[in-house]
Number of protein chains: 2
Amino acid sequence: MDNEKAAAGVASTAGAPGTPGEPVRPLPPAAPAPDALAAVPGGGVAAALGFRAAGVHAGFRDDPERLDLALVVADEPCAAAAVFTRNVFCAAPVQVNREKLDEGGPGAPSYGTARAVVVNSGVANAATGERGREAARAMASITADAVGCPASEVLVASTGVIGVHLPLEPFRTGVPEAVATASRAGGAAAARAIMTTDTRPKECAVTFDGDDVGYPGARFTVGAMAKGSGMIMPDMATMIAVVTTDAPVLAADLAPALRAAADASFNRVTVDSDTSTNDSCFLLASGAAAPGAPPMAPGTPAFARLAQALDQVCVTLARAMAADGEGATRLITVTVRGAADPADAQAAARTVANSPLVKTAVYGHDANWGRVAAALGRSGAAFRQEDVAIDILGLPVCRGGLTVPFDEDEALRRFESPEVAITADLGAGSAEATVWTCDFSHDYVSINGDYRS
Amino acid sequence: MDNEKAAAGVASTAGAPGTPGEPVRPLPPAAPAPDALAAVPGGGVAAALGFRAAGVHAGFRDDPERLDLALVVADEPCAAAAVFTRNVFCAAPVQVNREKLDEGGPGAPSYGTARAVVVNSGVANAATGERGREAARAMASITADAVGCPASEVLVASTGVIGVHLPLEPFRTGVPEAVATASRAGGAAAARAIMTTDTRPKECAVTFDGDDVGYPGARFTVGAMAKGSGMIMPDMATMIAVVTTDAPVLAADLAPALRAAADASFNRVTVDSDTSTNDSCFLLASGAAAPGAPPMAPGTPAFARLAQALDQVCVTLARAMAADGEGATRLITVTVRGAADPADAQAAARTVANSPLVKTAVYGHDANWGRVAAALGRSGAAFRQEDVAIDILGLPVCRGGLTVPFDEDEALRRFESPEVAITADLGAGSAEATVWTCDFSHDYVSINGDYRS
C-alpha cells in the first residue's frame, strides 16, 4: 500500500537526518538488571526468612478446586508499608487498612506494624459502604484471632465482583485452615489463591549478599506475589501485590522505597487504562536474615541494594501482569526517551501504551509507526515532529519524523517474539520512561464483553 | 452472580439516600434542540445559497467506482474560519492552511477569506516533511487555476494513509472535472468522496428564519459534510468537516463561533481516544441569503441563532461520527453532571467514554455500573463516592455510590436501542458535560488489527 514502506532491504534514511543511503542504526537498548542480584528459582512471597504463606479454598467461589483465600504470616511483628489505589471509588479493605497505618491518604505510602496479610478472591468488597467496612474489619479480627496478634497488625485485601457484600463465613473456616497449613513452601498456593482473570500465578524472589554492603555473613531475600490482568476490570479483577523481605528496615524508611518501586513497576503497567477500586501493594520486612543487626538506613549501600532488589521484584511482576493482560498475545514495552522532562516522558509512553490503535496494530503484527506518532503527538509532551525517531522491535521505522524503509519480512519475523519493544526518541531532552502493556485482541473483547451471569 | 443486582422488579434504593423502598427516579434528560431551527431534508454542504459542491474519482484510489476528490466552491470569496488538530504530528495540508489564515496556531481558530475547499481521500499527506508541504501548496494552486481565484483562497485537506507522498496527477484531471460538475445538488457526492473507513456519508443542514432576528424576508441555512470514524486511525482516517452558511458574518467573528461549535461537538467525540494528524474543520460564510445586509454581529439575536444552528449541525455530525465508529454497534452518550467545575465534568465524561471496559460492557449489553464508577474514580474529578448517582439507559443503577436493584430484563430490552445513554451525577457541583463514543466490538479489533497490505 505504501511504496516507500514496501521497499525492502537494509533500512536507509528517506529525507531524515544523517547521510542518505547510510544504514540507520537502532536506538540503544534499555539498561540491564544489576549483577548483584540473584534470582531465587521458584521463589515467592515466603522465600524471605521469617514468613510463611498458604492458599486455601474458603468458599468465596463455588468451585471447590479453586483456591480463594491467601494468607501471608510473619513469625514476629514486621515493619510494614503499603500503597493503595488513588481511585475515588476505593474499596472497603483499602479504607480499613488506611485506618491502621500511619501517614496514609490517597496515593501516599502508609506504614506501621503488621504480622499478617489476608486476601480473598471472588468478592471485591467495593461499593459496599459502611457494611463493607465492617466486613473488612471483621476479616482482620478473624485473622488476628487465628494468628494470635492484634487486629491492628492484620492487613486485608479483596478482589472480585464489585457491589456485592463480602460474606464472613468463609473466613471463619478458611483462615484457621490457612494458619494451620502456612509454610515456607506455601507461597505458590497463596499466589494461586489471589488470581481472578489471571491465567498464571505471578511470584518471584531475588537475593543479595550482605558482605559487600555492611552486613557480613548475611544473605537477604526479597520475594513477592501479585495478581492482576486487564488493569482493571472492576467486577472481576484488581492489582494486588504482597512483597516480603528479611532485611532489617524501619517502617518509615520502607514506605518511600515501596512508593518508588511501585511507581517504577506496577504504576507503569497499563492494559486498558483503567485503575481499580482495590489496587493494593504491601511490603513487610522481618529483619530475620540479620537478627539483632541495625536497620538498613537510607543513603547507605545496603539500603540502595535493597531498593534495587525491591525494584527488580516489582518490575518482574509488573511485566508478568502486562503479559497476562486479558486476551494478550504479546507483552508490549514502550520506551520514550529524549523527552524534555520526566512528566513528558511518562505522558508520551503512557499515551502510546494506552492507544487501542497501537495495541491492535501489534495484535495484527503491523509495524505501524504512524499510530505511534499520532499517540506521541497528542500526549501533550513537547517536541517537534521533525526530531522524532521511532523503532519497532529494534527496527528503525521513523527518523526525523519521516518514514524509514525497512524489511517487512524481517519485521514479521520479529513479531513472533513474545515481547514487542516500541521505542521513541523525541529529541527534546534527556528524560526517559518505560511503560508495559499488551496487545488488544479479539479475546479481550470476548472476555470483557461477555455478559457477567 | 450478584444477589442484589439480580433482584428484579421496580428499582428501589439499597442503603442509598432517599426513603428505602421508594422508587428511584431516573436522572433528568438532556436539553432538546431549539425549536427555531428546521432540518433541511437531504441537505448538506451545498444547501446554503452561494455554494456548489462535487465529488469525483480522481485516482487516489485504485477502485474507479470510489469517489476520492471533493470540492466545495463558492460563487464569491467568503469569510472563512477553521480549526485544526492539536497533534504535534500535524499533516502538511494543516500546516499550509495555517500559512493562509490569520491568527492561526495550534488549536487556535484561524480565519480569513476563502473561495474553495478541496479534499482528497486515500493519502493523508502526513509525516511527509517539506515535500508534503509543497504538494499541499500545489493542490491549492491547481484548484485555484480551475476555479479562477488566488491560491490563497483555496483551503486544502487530505485523509488516508500516513507517511506516503501525495501524487499531484489526480488533481490535474480531477479538479477541473469537479469544478465543471459542481452544483447545489453535489453535496451528497462530496460527502461520499471524503469517506475512508466511514460506512456512511455524513451530511446535514438546518435553516432559520431571519424575520424574528432582524433580517426580515431572509431565510438562512447552515449545511455541512463530515467524515470520521475510529477517531482516529492515522493510516486510514481522520476527522474532516466542511460547514457552509449563507448568513453574512465577518471572518473574525466566525472564528470564535466555530471554535465554540467544534468544542461542543467534534471535540466531544471519542472512539478510541486517538487524535489525528489531519483533523480539520472549515466554515465558510457567503452572505448570499441576505445580499447587501449588514453582517450578523456577536451579541445580537441573529448571531445567537446562527451559533445555535452551527452547534446543531456540528453536534448532528459528531453523533453520526461516533455512531459510525469502527465496528460500532451502539452510539454511547456519556453525560456527567453535578461536577465541581466544567473541567471536572469533561474529564469525568471523557474518562468513562474512553474506558475500553465500559465500551466492551455496552457491546455485551451489560449495565455494569462498576466499570463506570471506576472510570469516574480515576478521572481526576473531585467528588465523594457516597454522593454518586448513575443511570444506564435511563435505569437507576447506582445511588449514593451503592448498587440499586434494577430489572435486568428491562435493561436488556433497552440495550436494543441504537443509542445507549450513560448518565452520572457526581453530587459535587453544577457543571455538566456530554461526550459521544461507541461500543468496542470484535469488528473494531478486526478492522484495526488487520495487516494493512
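A quick note: this is a predicted structure, and the numbers were derived from the prediction, not measured. (Residues numbered from 1 in each chain as written. Chains lettered and ligands numbered in written order. Predicted model: local features only at pLDDT ≥ 70, side-chain atom pairs only at ≥ 80, totals over all residues. Heavy atoms only, no water.)

With that settled, the discussion passes to the overall build of chain A. A tally of helices and strands in chain A yields 12 helices and 15 strands. For chain A, buried positions account for 61% of its 453 residues. Just so you have it, chain A exposes about 15,100 Å², and 54% of that area is on carbon and sulfur atoms. (Helix = DSSP H or I, 4+ residues; strand = E, 2+ residues; numbered from the N terminus. Buried < 20%, exposed > 50% of the residue type's maximum accessible area, 1.4 Å probe, protein only. Areas by Shrake-Rupley, 256 points an atom, 1.4 Å probe, with all protein chains shown as cover.)

Here we take up the UniProt feature "active site" (unreviewed entry) in chain A. Residue and element names in this part refer to chain A. Following the UniProt record, the feature "active site" (unreviewed entry) maps to T238 here. With respect to the helices and strands, the residue T238 is situated in the loop between strand 7 (219–227) and strand 8 (240–245). The class for T238 is buried, based on a relative accessible area of 1%. (UniProt positions renumbered as here; feature names shortened; annotations may be inferred.)

Residues and elements named next belong to chain A. Structurally, P23 is set in the loop between helix 1 (3–6) and strand 1 (38–39). Its relative accessible area of 53% is what places P23 among the exposed residues. Separated by 373 residues in the primary sequence, P23 and P396 have C-alpha atoms spaced 9.7 Å apart.

Turning our eyes to something else, we now look at the sheet that holds strand 13 (residues 402–403) of chain B. All names here are of chain B. Read across the sheet, 6 strands follow the order 13-12-11-14-10-15 without closing on themselves; strand pairing throughout is mixed. The strands lining the two open edges of the sheet, one partner per strand, are strand 13 and strand 15 (431–438). The sheet contact formed by strand 11 (residues 389–392) and strand 12 (residues 395–399) spans 3 bridges and is antiparallel. Counterpart to I392 in the pairing with strand 12 is L395. (Pairing = 2+ DSSP bridges.)

Each pair of aromatic rings is reported with the distance of its centres and the angle of its planes. With the rule as written, the count across this model stands at 13 aromatic pairs over all chains. When the ring of F440(A) is compared with that of F440(B), the centres are 5.5 Å apart and the planes differ by 75°; the resulting orientation is edge-to-face. One end of the pair, F440(A), is in the loop between strand 15 (431–438) and helix 12 (442–449); the other, F440(B), is in the loop between strand 15 and helix 12 (442–449), on a second chain. On the basis of relative accessible area, F440(A) is assigned to the buried category, the value being 3%. Between the NZ or CZ atom of K359(A) and the centre of the ring of F440(A), over which it lies, the distance is 5.2 Å. (Phe/Tyr/Trp six-rings, centres within 6.5 Å; stacked < 30°, edge-to-face > 60°. Lys NZ or Arg CZ within 6 Å of the ring centre and 35° of its normal.)

Cysteine pairs can be linked by a disulfide, which is a covalent bond between their two sulfur atoms. Here the structure, examined in full by the defined rule, presents 0 disulfides over all chains. Counting only cysteine sulfurs, C314(A) is the nearest neighbor of C281(A), a cysteine outside any disulfide, at a range of 5.3 Å. (Disulfide = S-S within 2.5 Å.)

Bringing the packing of helix 8 (residues 342–354) of chain B against helix 10 (residues 369–377) of chain B into the picture now. All names here are of chain B. Between helix 8 and helix 10, whose axes approach to 8 Å, the crossing angle comes to 135°. The angle between helix 8 and helix 10 places the two elements in the oblique class. Helix 8 and helix 10 meet at a crossing whose hand is right-handed. Side by side, helix 8 and helix 10 meet where A348, T351 and V352 of the first sit next to V372, A375 and L376 of the second. Each residue belonging to the contact of helix 8 with helix 10 can be placed in one class, and the counts come to 5 nonpolar, 1 polar and no charged. (Axes fitted to C-alpha atoms, helices over the stretch in contact; angles between N-to-C directions. Parallel < 35°, antiparallel > 145°, perpendicular 65-115°, else oblique. Left-handed = near helix turned anticlockwise from the far one by under 90°. Contact = heavy atoms within 4.5 Å. Nonpolar A, V, L, I, M, F, W, Y, C, P; charged D, E, K, R; others polar.)

A few words on the environment of D102(A). Residues and elements named next belong to chain A. Looking at where D102 falls in the secondary structure, it is placed in the loop between helix 2 (92–100) and strand 4 (110–123). The spacing of D102 and A81 is 21 residues in sequence and 9.2 Å in space, taken between C-alpha atoms. Setting aside residues up to four positions removed in sequence, D102 forms contacts with P109, S110 and Y111.

All names here are of chain B. Along the chain, V397 falls in strand 12. V397 sits in the buried class, given a relative accessible area of 1%. Along the chain, V397 and P26 lie 371 residues apart, while their C-alpha atoms are 9.3 Å from each other. In this view, V397 contacts W369, I390, D391, I392, L402, T403, V404 and F406; residues no more than four positions away in its chain are not counted.

All names here are of chain A. Of all 16 residues in strand 3 (residues 69–84), 13 are buried, a share of seventy percent or more. Bridging between strand 2 (residues 51–56) and strand 3 involves 6 bridges; their strand directions are antiparallel. Counted as the bridge partner of F51 is A74 from strand 3. Pairing between strand 3 and strand 4: 10 bridges, direction antiparallel. Bridging across to strand 4, A80 finds its partner in G112.

The subject of this paragraph is unusual backbone geometry. Most peptide bonds are trans, and most residues other than glycine sit at a negative phi. The phi torsion at N125(B) lies on the positive side, around 50°, for a residue other than glycine. Mapped onto the elements of the fold, N125(B) is located in the loop between strand 4 (110–123) and helix 3 (129–147).

The next subject is the sheet that holds strand 14 (residues 419–425) of chain A. By definition, the strands of a sheet pair up through backbone hydrogen bonds, in either a parallel or an antiparallel sense. Residue and element names in this part refer to chain A. Overall, mixed pairing links the 6 strands, which are arranged 13-12-11-14-10-15 in an open sheet. Every interior strand has two partners, whereas the edge strands, strand 13 (402–403) and strand 15, have only one. Two strands pair when backbone bridges link them, and strand 11 (residues 389–392) and strand 14 are joined in this way by 4 bridges, in the antiparallel orientation. If you follow A389 over to strand 14, its bridge partner there is D425. Against the sheet, helix 8 (residues 342–354) touches strand 10 (331–339) and strand 15, its axis set at about 20° to strand 15.

Residue and element names in this part refer to chain B. On the secondary structure map, T335 appears in strand 10 (residues 331–339). Separated by 3.1 Å, the side chains of T335 and T434 make a polar contact. Discounting residues that sit within four places of it in the chain, T335 has contacts with I422, T423, A424, E432, A433 and T434. (Polar contact = N/O pair within 3.5 Å; in protein donor to acceptor, adjacent residues only side chain to side chain.)

This next bit is on the packing of helix 6 (residues 251–263) of chain B against helix 7 (residues 301–323) of chain B. In a packed pair of helices, the relevant descriptors are the angle between the two axes and the axis-to-axis distance. Residues and elements named next belong to chain B. Packing of helix 6 against helix 7 leaves a shortest axis separation of 9 Å and a crossing angle of 40°. The angle between helix 6 and helix 7 falls in the class oblique. The element helix 6 and its partner helix 7 pack so that their crossing is right-handed. Between helix 6 and helix 7, the residues in contact are D253, A257, L258, A260 and A261 and F303, L310, D311 and C314, respectively. For the contact of helix 6 with helix 7, the class distribution of residues is 7 nonpolar, no polar and 2 charged.

A few words on the confidence of the model for chain A. Residues and elements named next belong to chain A. Looking at chain A as a whole, the pLDDT averages 88, with 88% of positions reaching at least 70. The low-confidence segment residues 1–19, where pLDDT is below 50, has 49 contacts with residues more than four positions distant or belonging to other chains. Across residues 230–236 the pLDDT falls below 50, and counting only partners more than four positions away or on other chains, this stretch makes 43 contacts in the model. (pLDDT = per-residue confidence, 0-100.)

This paragraph deals with the pattern of salt bridges. Enumeration according to the criterion identifies 38 salt bridges over all chains in this entry. Measuring nitrogen to oxygen at the nearest pair gives 2.7 Å for the salt bridge that ties D324(A) to K202(A). Of the two residues, D324(A) is situated in the loop between helix 7 (301–323) and strand 10 and K202(A) in strand 6 (residues 202–209); the sequence distance between them amounts to 122 residues. Note on accessibility: D324(A) and K202(A) belong to one class, buried. For the salt bridge of R137(B) with E130(B), the shortest nitrogen-to-oxygen distance reads 3.4 Å. (Salt bridge = Lys/Arg side-chain N within 4 Å of Asp/Glu carboxyl O.)

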